[in-house]
Amino acid sequence: MNYQGTLIAVADIEKAKEFYHSVLGLEVMVDAGEHIQLTGGLFLQTVDSWAEFIHKKATEVVLENNASELYFETDNMDDFIKLLDGRSDILYLHPLLEHS
């Protein structure tokens, strides 16, 4: 078994695609409309198609939680923070923390 990536169900796939490209620099590898494969092993899927896939109603799919993490690294955290601060669509779960 080989791990291939992480799939995220999203309400607005075009907005999500733009976000992951403009904020994290991920490129679209495959765009099948309701399913998008990005570089780095990240996959986006519409809520409706995901719900159908798991045999649920779209209203049963919970989009927001704090039980997972996507992990990225950058060589220039200061510039990345400036990029985030310049966006109105970023919602922080907690203030920026520096760990040893």
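Residues numbered from 1 in each chain as written. Predicted model: local features only at pLDDT ≥ 70, side-chain atom pairs only at ≥ 80, totals over all residues. Heavy atoms only, no water.

**As for the pattern of salt bridges**
Summed over the entire model, instances satisfying the criterion amount to 4 salt bridges. Between K17 and E14 there is a salt bridge, and its shortest N-O distance comes to 3.2 Å. Taken together, the residues K17 and E14, both in helix α1 (residues 13–22) and 3 residues apart, mark about one turn of the helix. What makes E14 partly exposed here is its relative accessible area of 45%. A salt bridge links K17 to D31, with the shortest nitrogen-to-oxygen separation between them at 2.7 Å. (Salt bridge = Lys/Arg side-chain N within 4 Å of Asp/Glu carboxyl O. Helix = DSSP H or I, 4+ residues; strand = E, 2+ residues; numbered from the N terminus. Buried < 20%, exposed > 50% of the residue type's maximum accessible area, 1.4 Å probe, protein only.)

**As for the side chain of R87**
Tracing the sequence through the fold places R87 in the segment after α3 (77–85). Separated by 3.3 Å, the side chains of R87 and E18 make a polar contact. When sequence neighbours within four positions are dropped, the list of residues in contact with R87 reads E18, F19, S22 and V23. (Polar contact = N/O pair within 3.5 Å; in protein donor to acceptor, adjacent residues only side chain to side chain. Contact = heavy atoms within 4.5 Å.)

Note that all results are geometric; they support no functional claim without further evidence.
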